[in-house]
Amino acid sequence: MPLYSDEGIVLRTAKLGETDRIITLLTRNHGKVRAVASGARRVKSRFGARLEPFMRDSVLCATGRSLDHVSQAVCTGAYARPITADYGSYLAASAMCETTDKLLDTEHEPAPAHYQLLLGALIALAQRRHQPWQIGESYVLRAMTLAGWRPRLSSCVVCGRADGLTSFSVRLGGALCRSDRAAGAVELTEAQFVQLQALSLGDWDRCGGRRDACVAALVEEWAQYYLERPLWSLRLLDYET
Ligand SMILES: [Zn+2]
């Protein structure tokens, strides 16, 4: 089997048989990869905790017919411990990894921008650089933007005027002025628009210190609407705050 080496972040894991695991990785050069880690569930696995979610590893994989196989993994970023030590960070990281997993449909298709974005967000969470909800929501908006679903926030999606924006429609793709208010659009205050915009740009100084439930719900709806499927970890984030 041909071998390749890469660096990857573990998005999720699933049990396989008695002792193995299937690891879903987002790699720097090969995009999303699913690979079997033989014996990973044994107590004395040679992989230890390196193939747990949120870990960054340098891996050597063998290309298989349906699934690849991990033959070596060396940890290059042990983000799992600091992230799982804080429940809010754990939920944000789970939402980030689930969004990425669902966003990237095709395996072995390079997605370097997604890799950089996820790596930066995990480091920010592990180092407590910002509040977990800020990092999580900003990540979801920016990952969706990378995939082509950028919310339009600075002008009305119908008439293009930049002032007097009063509501936001997920279905129509962004902000609406008072005269173009559409069915299903959510009324937003100026402060809520500022928070949404700041999150979508990763402009931490303008995010505001408090999580706004309405903005959070819009971020969740935005991702679910365009991904056309539910994001379970974002739901959890709602119950928590
Ligand atoms: Zn308008």
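Here's a quick rundown of the structure. Everything quoted here is computed from the prediction, not taken from an experiment. (Residues numbered from 1 in each chain as written. Predicted model: local features only at pLDDT ≥ 70, side-chain atom pairs only at ≥ 80, totals over all residues. Heavy atoms only, no water.)

## Re the environment of C75
Logical step 1: Structurally, the position occupied by C75 is in strand β5 (residues 68-78).
Logical step 2: Residue classification places C75 among the partly exposed residues on the basis of a relative accessible area of 31%.
Logical step 3: A sequence separation of 16 residues divides C75 from V59, and the C-alpha atoms of the two residues are 8.6 Å apart.
Logical step 4: Excluding its chain neighbours within four sequence positions, the residues that come into contact with C75 are R50, M55, R56 and D57. (Helix = DSSP H or I, 4+ residues; strand = E, 2+ residues; numbered from the N terminus. Buried < 20%, exposed > 50% of the residue type's maximum accessible area, 1.4 Å probe, protein only. Contact = heavy atoms within 4.5 Å.)

## Let's talk about the coordination of the zinc ion
Logical step 1: Note on the zinc ion: its protein donors are C156 (SG), C159 (SG), C177 (SG) and D180 (OD). The metal-donor distances range over 2.0 to 2.4 Å.
Logical step 2: One can describe the donor arrangement at the zinc ion as tetrahedral, given that its four donor atoms subtend angles of 100 to 118° at the metal.
Logical step 3: Sequence spacing of the donors to the zinc ion: C-x2-C-x17-C-x2-D. Remark: D180 occurs in the loop between β7 (174-177) and β8 (186-187) and C156 occurs in the loop between α4 (132-146) and β6 (165-169); sequence separation between them is 24 residues.
Logical step 4: By relative accessible area, C156 is classed as buried at 0%. (Donors = N, O, S within 2.8 Å, 3.2 Å for Na, K, Ca; no water. Tetrahedral: all angles 85-135°; square planar, octahedral: opposite > 155°, others 65-115°.)

## Digging into unusual backbone geometry
Logical step 1: The backbone phi angle of R128 is positive, close to 55°, even though this residue is not glycine.
Logical step 2: Position of R128 among the secondary structure elements: in the loop between α3 (112-126) and α4.

## Remarks on the side chain of T166
Logical step 1: Examined against the element boundaries, T166 turns out to sit in strand β6.
Logical step 2: Given a relative accessible area of 9%, T166 falls into the buried group.
Logical step 3: Among all residues touching T166, those that are not within four sequence positions of it are L176, C177, R178, V186, E187, L188 and F193.

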